[in-house]
Amino acid sequence: MTTTNSPPPTTPASSSTGGTSKAGDASKEKGVGKIVYNTMRSVPTWVLWILVILWTTPTIGLFVNSFRDRDMQRTSAFWTLFRGNFDGLTLNNYREIFGTEADGGFWDGIINSFAIAIPATVIPIAIAAFAAYAFAWIEFRGREWLFIITVSLLAIPNQVALIPLLQLFSNGAHVTLPGLDKTVTLVPDVGLVGTSNAVWLTHTAFAMPFAIFLLHNYLSSLPKDIFEAARIDGADHFTIFWRLVLPLSVPVLAAFAIFQFLWTYNDYLIAITMLGSAPSEWPATIKIATLSGEFGLKENVLTAGAFVQTVVPLAVFFSLQRYFVRGILAGAVKG
Amino acid sequence: MDRLISTLIRIVLAVGVSGVMFVVLNYLFSQATKRWRLFNVIVGAFIGLLYFGILDGNRLLGDVGPTLIFWPIIGAVAGGIVFGVLSEIEEPRLRFATAAGSMAAIGIIQGAAWRSDFLPSLDWGTAIAWTLITGVIFGALGLAIRQDFFRAGRWALIGLAIGWMLGAYGGADFGSGNRGESYLAAIIGLALVGVCLGMSKIPDNAGRIKINAGSRKYIFLAPALAFVVLGLLIPLARTIYLSLLTREEDGRFNDLVWNGLENYGFIFTNENSLDFSDWGNFFGSSLVWWGAGLLVLSLVVVLVQWLRSPDGRPRASGGSISPFVIAWFLIAMAVFATLRGTIINNLWWVFFVSIMATVLGLVIAVLADRTRMESVAKSLIFMPMAISFVGASIIWRYMYIARPPNKPQTGVFNSIWVGIGELSTTDSWTGILAIAVLIGVIAVLLLLAGISWRAKAKNMALSSLLGAGLVGYLFYRLIGPGIGGFKTRTILVDGQEVTQTIPDTILFLQNIPFNNLWLMIILIWIQTGFAMVIFSAAIKAVPGEFIEAAKVDGATETQIFWRVIIPQIATTIGVVVTTLIVLVMKVYDIVKVMTNGNFGTQVLASDMWQRAFTESNFGLGSALAVVLFISVLPIMFYNIRRMQKLET
């Protein structure tokens, strides 16, 4: 746990508030001073691991509790398990949550979550890839401005679009002609509200600025020569996009896919807005939030539900962390 | 299982249809250079389909066969034939006659198809006014964009046609007219389009290649821009419009009437969103006094350093800046805790979460840099990023939970709190042990201060002394008045008053105002990983030569951190802070799940949702959304400027 023998170029500074050891001077001390100094040197590492433990404790607590029955959850803390208290360990919470077929059927919730997250991941990728390609490699007038306007929408809070989108999905779009008392139906009411389609359509719209931004960053950094060579060979934009750009941009597409999947699978706001009145379509997040509202009654089931809901993104995260980090970095640092 | 399969089918269909549409469109436009007639037939069919589809969708056409399919197909066939024929006729006069004639013929079809109980009685004044106005507008637009009178003329013709259709259909009184007027309404509009078509020429080979190449930008951009415009821009405009409306008294769900800026007035004047009534208690907050103490300390340090500085000038140092910064941080926290309300809460969230997540992220990135098992530590800190806000809230619920005081505490925080309380009131050996440990810590810190002082590391000595002071205070509380979760009560036992010490818990989610802080910690827990990952990459990107050079010049680790690393990653810090501000501004799920906005924890986003969707007050809900939007505008402009710099 101590730092390495040969000090690397940046040994960790012990705190960010200014009070840090003057390592070089103190190391000349003998005896007690030497011991204190050496202890101090490993403090940063200890601080780091204490923080790591702090950060992990809540999740471990939930995990342990999800395997304990209601009485144990209420009367003894989860860490007693590590002191050898194995009472009340059970799988019943999981059985219960997957067993019920009623409105609260949790399995349905997981499927609903996927029914939202998969199209909300795949479709924005395709659409944004087209647009990012156009912004990066098709010349046309006003390209820079169009791009900046699109991408600046990144910062818009989703809340500003929720009410009109809900109205659009529930009533269609109608325009009353100014000065005339006639209403033209532009989009008929197709009954999207209360279906997962409304949710992933909304997600797709909200994802566009970030997706275009991320993919454009990558695509515009591809070497110009390969595009010129392809054009000389007579390839049109569609061929270039299909044969050249798509295969080349798999890493960034994966990065965005993970990002978007986690985002949409974990979303609560848009789902509760669009599906509030259709409990059979609720994704897992709404199901556990509802369980959480009945805390006293169902708290034992809640732990299992929350853990199952969390396991999917955690699995995605740990298996594809490299791409996820790349996505975050491309989105933040380069911009 | 059925559900799963139907879901999968739906997904495959959605993806497949969009993919096929994209490929077909690309194929279609590549036919412009290869098979010109086929290209025209398809385009014509598509336009016909759309036109008759809109008419049929607005129930203007009679019911024949399967509704909503029959007339669009007729339209598609007619449009395909007209465009196909026109693609072959080059001679100008014949082309003009054919175009105008065949479009008029389509007008006859439309007139005949008109629903018999819905025949229009035209209002000529309105129709002509609309025709002319729209025509002029389109003509002017065409002139501005194309800068060519002939082309602007064609734009004007299109404008005339659209104006006629809007004015004639819109101004007409449906149901009281006769068949003749339906023919007139249809034929005039379509004939105008025909005239416009007839004035065009068949493009030569170069023109066709231009159509093919020029179409691609639209095909590639259209789907994304459609989503952006329909899903973001138009809704944004509509929300701004809705924010100026309000529900009519005892009106129906959707009966909105003009309300001016009153919704905004309400937001900024009602005491749920801004409540200054408690400001008198500001100086009662211990945070303020801690802050004041630190300010004095920083002043003292500045003065001492000034007196002792060789050139007799004051200068800032870590020893004076850090208490100064912390002091203002504490005072700001005290302000947020005294002034209550939705808006104050939101500002508090933004302030505390952005700062804490950034600082913690930076600290962890520095601590973890090039240690053993760096990646393990980092991915464990990063992990909460993958957990949903709802899931995180539930996880933390078990951290904050308070059981009845006489029962074992199962929440981590209350367990520690009650545990400290027991420690400070107990007479058993654990209490003595705790006292011994504290004495030991104080001794070590004092020793460290002495060593650092002799080694001329004054900042280190000062902070060690400060630490010893803090632990000393703890020590005093522990042996003196006690600390932690306990309270004393006096009860009567056999007629005698007996003072009893019992455990006492904190209701983390109910105690105003600091319950807000406990909610914020959840978001900090999630977002620190985000900040850490970015800072970690940025620190690794600092060129090694810079650090080496600084070392050669005799810089200490602290100096390297503040003078080399921090300036190098300054832009990254800006990016992280702005990203966090935007994210924290719209925090919703955590508040919703943990307290549902009760106990003084309401924030703008959850207030917006409650007003708009629970109370169906779209006007006020929209106004709250617009307030959210306006508060991120400065960051939007900052981002735009940054991007402009990158583009050039």
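Residues numbered from 1 in each chain as written. Chains lettered and ligands numbered in written order. Predicted model: local features only at pLDDT ≥ 70, side-chain atom pairs only at ≥ 80, totals over all residues.

A. Region of interest: the overall build of chain B. Scanning chain B for helices and strands turns up 24 helices and six strands. Its C-alpha radius of gyration of 37 Å places chain B more than 25% over the 26 Å reference for a compact globule of 648 residues. By principal-axis analysis of the C-alpha atoms, chain B measures approximately 110 × 75 × 55 Å. Classification of the 648 residues of chain B by burial places 42% in the buried group. By sequence separation, contacts in chain B at least 24 residues apart represent 70% of the contacts at least 6 residues apart. (Helix = DSSP H or I, 4+ residues; strand = E, 2+ residues; numbered from the N terminus. Rg over C-alpha atoms; globule rule 2.2 N^0.38 Å. Buried ≥ 20, exposed ≤ 12 C-beta atoms within 10 Å, placed from the backbone. Contact = placed C-beta atoms within 7 Å.)

B. Quick look at the overall build of chain A. Regarding its fold elements, chain A presents 15 helices and two strands. In chain A, buried positions account for 50% of the 335 residues. The contacts of chain A with a sequence gap of at least 6 include a subset with a gap of at least 24, amounting to 71%.

C. Just the interface of chain B and chain A, in detail. Across the contact, 123 residues belong to chain B and 114 residues belong to chain A. Take the side of chain B that touches chain A: its biggest share by element is 16 residues, from helix α8 (residues 205-242) of chain B.

D. Examining the domain arrangement of chain A more closely. All names here are of chain A. By the assigned domains, chain A splits into domain 1 (23-94) and domain 2 (102-332). Between domain 1 and domain 2, the residue contacts involve nine residues of the former and seven residues of the latter. Elements with a minimum of two residues in the side of domain 1 that touches domain 2: α2 (32-65), α3 (70-75) and α4 (92-99). The element best represented in the side of domain 1 that touches domain 2 is α2, accounting for three residues. Across the side of domain 1 that touches domain 2, the residue classes tally to three nonpolar, four polar and two charged. (Domains from an automatic or database assignment. Nonpolar A, V, L, I, M, F, W, Y, C, P; charged D, E, K, R; others polar.)

E. Region of the structure containing the domain arrangement of chain B. When the domains of chain B are assigned, the result is domain 1 (14-239), domain 2 (279-338) and domain 3 (403-506). The centre of domain 1 of chain B, based on its C-alpha atoms, is set 71 Å off from the matching centre of domain 2 of chain B.

F. Quick peek at the packing of helix α5 (residues 106-137) of chain A against α8(B). In contact at an axis separation of 8 Å, α5(A) and α8(B) are set at 125° when each is read in the N-to-C sense. Considered as vectors, α5(A) and α8(B) are oriented oblique to each other. Helix-helix and strand crossings are classified by hand; for α5(A) and α8(B) the assignment is left-handed. Only B:Lys217, B:Phe220, B:Leu221, B:Pro223, B:Ala224 and B:Phe227 of α8(B) make contact with α5(A), whose side of the interface consists of A:Ile127, A:Ala128, A:Phe130, A:Ala131, A:Tyr133 and A:Ala134. Partitioning the contact of α5(A) with α8(B) into residue classes produces 11 nonpolar, no polar and one charged. (Axes fitted to C-alpha atoms, helices over the stretch in contact; angles between N-to-C directions. Parallel < 35°, antiparallel > 145°, perpendicular 65-115°, else oblique. Left-handed = near helix turned anticlockwise from the far one by under 90°.)

G. Focus on unusual backbone geometry. Residues and elements named next belong to chain B. The omega torsion of the bond from Ile512 to Pro513 falls at -5°, within 30 degrees of zero and hence cis. Counting through the fold element by element, Pro513 comes out in the loop between β6 (496-503) and α18 (515-540). Phi at Ser616 is positive, roughly 50°, even though this residue is not glycine. For Ser616, the position within the fold is in the loop between α23 (604-614) and α24 (618-647).

H. A look at the packing of helix α13 (residues 284-293) of chain A against helix α14 (residues 389-400) of chain B. Here α13(A) crosses α14(B) at 30°, and the two axes come no closer than 9 Å. With respect to α14(B), the axis of α13(A) lies roughly parallel. In the crossing of α13(A) with α14(B), the sense of the turn from one axis to the other is left-handed. In contact with A:Thr285, A:Ile288, A:Ala289 and A:Ser292 of α13(A), α14(B) contributes B:Val390, B:Gly391 and B:Ile394. Looking at the contact of α13(A) with α14(B), its residues break down into four nonpolar, three polar and no charged.

I. Just the confidence of the model for chain A, in detail. All names here are of chain A. The pLDDT averaged across chain A works out to 80; a share of 84% of its residues lies at or above 70. Mean pLDDT in chain A bottoms out at helix α1 (residues 23-26), which sits at 44, and peaks at helix α12 (residues 269-275), which reaches 93. Taken as a whole, residues 1-27 scores under 50 in pLDDT and shows 72 contacts with residues more than four places along the chain or in a different chain. (pLDDT = per-residue confidence, 0-100.)

J. Spatial organisation of the pairing of strand β5 (residues 486-493) of chain B. Residue and element names in this part refer to chain B. The pairing of β5 with β6 spans eight bridges and is antiparallel. Its bridge partner being in β6, Thr490 is matched across the sheet by Thr499. With antiparallel pairing between neighbouring strands as the criterion, β5 and β6 make up a hairpin whose turn holds two residues, including Asp494 at a positive phi of roughly 50°. (Pairing = 2+ DSSP bridges.)

K. A look at helix α5 (residues 124-146) of chain B. Residues and elements named next belong to chain B. A rise of 1.5 Å per residue sets the reference length of α5, with its 23 residues, at 33 Å; its end C-alpha atoms lie 32 Å apart and thus fit the reference within 8%. Taken as a whole, α5 has its buried residues at Ala127, Trp130, Thr131, Thr134, Gly135, Phe138, Gly139 and Gly142. Against α6 (149-171) lie the buried residues of α5. In the stretch just after α5, Gln147 is the one whose phi turns positive, near 50°. (Expected span 1.5 Å × (residues − 1).)

L. Molecular detail of the nonpolar core. Membership of the largest hydrophobic core comes to 202 residues, with the highest contact counts inside it found for A:Ala128, A:Ala131, A:Ile212, A:Leu215, B:Val353 and B:Leu628. The dominant element in this core, judged by the number of residues it contributes, is α5(A), at 22 residues. Dropping the residues within four chain positions of it, A:Ala128 is found in contact with A:Met208, A:Ala211, A:Ile212, A:Leu215 and B:Ala224. Counting residues in hydrophobic clusters, the runner-up holds 46 residues, among them B:Val41, B:Trp71, B:Ala168 and B:Tyr169. (Core = buried A, V, L, I, M, F, W, Y, C linked by C-beta atoms within 7 Å.)

M. Molecular detail of the confidence of the model for chain B. On average, residues of chain B carry a pLDDT of 86, and 98% of them reach 70 or more. This prediction of the complex comes with two scores: 0.86 for pTM and 0.86 for ipTM.

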